[in-house]
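# Descriptive analysis of the structure
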Amino acid sequence: MSIRIRFALRPKNRLTGYREWTPDAAETMIKELAGEQGYTCESLSGCLLCRLCPEGYIWFHWDKRVLRGESQTNIVGPGFHVAVIAFLEQLAGQGKLKLMTRRAITGEEIF
């Protein structure tokens, strides 16, 4: 089963707690959480790529104060779907961010 998870993260409020909401701050937050969970991250062509397993990635890119990204999960399987969502929810919780996703077919936002 092929599932593409597309998402956006932005501050719930104008302030994100102790960190300023910038591309560098977002990258630091992602790398810290990834490191805690044993994942690796690298910058690649203006994006941040986090590897959760040998064939499983989450791509992040900065777009006008919104951190956007996606993950194509068909290669890895259902355990990876869960890992991606769990990682994004933890990232949103730690950074006091609002996690937004879209249904691929309808374009309907899910909160």
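Structure first, text after, so check above.
From a predicted model like this one, the values you see are computed outputs, not experimental measurements. Sequence order as written defines the numbering, with residues in each chain counted from 1. Given that the model is predicted, a residue must reach a pLDDT of at least 70 before its local features are reported, and side-chain atom pairs must reach 80 or more before they are shown or counted; all residues, however, enter totals for whole chains, interfaces and linings. For the side-chain quantities, the full set of heavy atoms in the structure was used; hydrogens and water were omitted.

## Thoughts on unusual backbone geometry
The following threshold applies: Counting from the N terminus, the helices are the DSSP runs of H or I reaching at least four residues and the strands are the DSSP runs of E reaching at least two.
Notably, S45 is not glycine yet its phi reads approximately 50°, a positive angle. Residue placement: S45 occurs in the loop between β2 (40–44) and β3 (47–53).

## Observations concerning the packing of helix α1 (residues 23–36) against helix α2 (residues 78–95)
To keep it simple, the criterion reads: For helices, the fitted axis covers only the stretch in contact; all axes are lines through C-alpha atoms, and the angles between them, taken along N-to-C directions, range from 0 to 180 degrees. Relative orientations are named as follows: roughly parallel for angles under 35 degrees, roughly antiparallel for angles over 145 degrees, roughly perpendicular for angles from 65 to 115 degrees, and oblique for any other angle. Left-handed describes a crossing whose near helix is turned anticlockwise from the far helix through less than a right angle; right-handed describes the clockwise counterpart. We call two residues in contact when some of their heavy atoms are within 4.5 Å. In this classification, the charged set is Asp, Glu, Lys and Arg, the nonpolar set is Ala, Val, Leu, Ile, Met, Phe, Trp, Tyr, Cys and Pro, and all remaining amino acids, among them Gly, are polar.
Between α1 and α2, the shortest axis-to-axis distance is 10 Å and the interhelical angle comes to 125°. Here α1 lies oblique to α2, going by the angle between them. Between α1 and α2 lies a crossing of right-handed hand. For the pair formed by α1 and α2, the contact residues are M29, I30, L33, A34 and E36 on the first element and F87, Q90, L91, Q94 and G95 on the second. In terms of residue class, the contact of α1 with α2 is built from 6 nonpolar, 3 polar and 1 charged.

## Section: the state of the cysteines
Applicable threshold: Criterion for a disulfide: a pair of cysteine sulfur atoms within 2.5 Å. Exposure categories follow from relative accessible area, calculated using a 1.4 Å probe and restricted to protein chains: below 20% of the type maximum is buried, above 50% is exposed, and the middle band is partly exposed.
All told, the structure shown has 1 disulfide when counted by the stated rule. Across the disulfide, C41 is cross-linked to C50 (sulfur-sulfur distance 2.5 Å). With the S-S dihedral at roughly 85°, the linkage between C41 and C50 falls on the right-handed side. On the basis of relative accessibility, which here comes to 24%, the residue C41 falls in the partly exposed class.

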